[in-house]
Amino acid sequence: MRDHNKRSFPNDIHILESQVFNTEVFESALKCIDHVIYTLGIPEQYEHDTGIFHAVNYELLKTFLDALTKAGPKRLTYISTYDVFQAIDGIIRATHPVANEEGFSPYFRSMIRAYRLAKDYSD
């Protein structure tokens, strides 16, 4: 866990710390917030249990989005560590279709699913 006491933040930044990320914690954090930037996730790395990618990158996002839905209308900026769009002629653009999960590692599949989940939430 990062020690926020070692960093200086503007006075209007409020730090909430938690060892657990669940619906109740997210709901508490979302009070009086009108725009949230979601950056939680785990990068691709060697893991004995590759299910961790789905648990953190997809399930945790789902828990957050459920809390966000309960909290009422909010603006959400979702930041991903992976470009989830298909390469067309060697180029990846946000206007391209989302990549097919087939053949990708558990990490990349989790990121593609997370993006679809965030997109479904925004629709």
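For the structure, check the block above.
This text gives an overview of the structure that appears in the document. Just so you know, the residues in each chain are numbered from 1, in the order the chain's sequence is written. Local features are withheld for residues below a pLDDT of 70 in this predicted model, meaning they are given only at 70 or higher, and side-chain atom pairs are given and counted only at 80 or more; totals for whole chains, interfaces and linings count all residues. Hydrogen atoms and water are omitted, and side-chain values are computed over all heavy atoms in the structure.

1. Let's talk about the nonpolar core
Inclusion rule: Nonpolar core, defined: a set of buried Ala, Val, Leu, Ile, Met, Phe, Trp, Tyr and Cys residues in which side-chain atoms within 4.5 Å join the residues together. Three exposure classes are used, based on accessible area relative to the maximum for each residue type with a 1.4 Å probe and protein chains only: buried under 20%, partly exposed in between, and exposed over 50%. Each helix corresponds to a stretch of at least 4 residues labelled H or I by DSSP, and each strand to a stretch of at least 2 residues labelled E; elements are numbered beginning at the N terminus. Contacts are assigned to residue pairs that have any heavy atoms within 4.5 Å of one another.
Counting 24 residues, the largest nonpolar core has L61, F64 and Y78 as its most contacted members. Those elements that provide at least two residues to this core are β1 (35-38), α2 (51-71) and α3 (106-122). It is α2 that provides the largest number of residues to this core, a total of eight residues. If near-sequence neighbours (up to four positions away) are discounted, F64 is found in contact with F26, L30, V36, Y38 and L76.

2. What about the environment of S110?
Heads up, the condition is: Each polar contact in these results corresponds to two N or O atoms within 3.5 Å; when the atoms are within protein, one needs to be able to donate a hydrogen and the other to accept it, and residues that are neighboring in sequence are counted only if both atoms are side-chain atoms.
For S110, the position within the fold is in helix α3. The spacing of S110 and A94 is 16 residues in sequence and 18 Å in space, taken between C-alpha atoms. In contact with S110, other than residues within four places in its own chain, are F53, H54, N57 and Y58. Polar contacts involving the side chain of S110 include one to the side chain of N57, which spans 3.1 Å.

3. Some details on a nonpolar patch on the surface
Our working definition: Candidates for patches are residues over 30% relative accessible area with no salt bridge; among them, like charges are joined within 9 Å and nonpolar side chains (Val, Leu, Ile, Met, Phe, Trp, Tyr) within 5 Å. Residue burial considers only the protein chains on display, and all accessible areas are found by Shrake-Rupley using a 1.4 Å probe. What makes a salt bridge here is a side-chain nitrogen of Lys or Arg within 4 Å of a carboxyl oxygen of Asp or Glu, nothing more.
Residues F9, I13 and I15 make up a contiguous nonpolar surface patch of roughly 240 Å² in combined accessible area. Tracing the sequence through the fold places I13 in the segment before α1 (23-29). Since its relative accessible area comes to 43%, I13 is described here as partly exposed.

4. Some details on the packing of aromatic side chains
Ring pairs (aromatic) are described by centroid distance and by the angle formed between their planes. Stated formally: Stacked, edge-to-face and tilted are the three classes for Phe, Tyr and Trp ring pairs, Trp counted by its six-membered ring, which pair at centre distances within 6.5 Å; planes under 30 degrees apart are stacked, over 60 edge-to-face, the rest tilted.
All told, the structure shown has eight aromatic pairs when counted by the stated rule. Between the aromatic rings of Y38 and Y78, the centroid separation amounts to 6.1 Å while the plane-to-plane angle is 25 degrees, which identifies the pairing as stacked. Residue Y38 is located in strand β1, and its partner Y78 is located in strand β2 (residues 75-78); the two are separated by 40 residues in the primary sequence. Taking the centre distance of 5.0 Å and the plane angle of 70 degrees together, the rings of Y107 and F108 count as edge-to-face. Look at F108 and you get partly exposed, because its relative accessible area is 22%. Three or more aromatic residues link up through ring pairs in this structure, and these residues are F21, F26, Y38, F64 and Y78.

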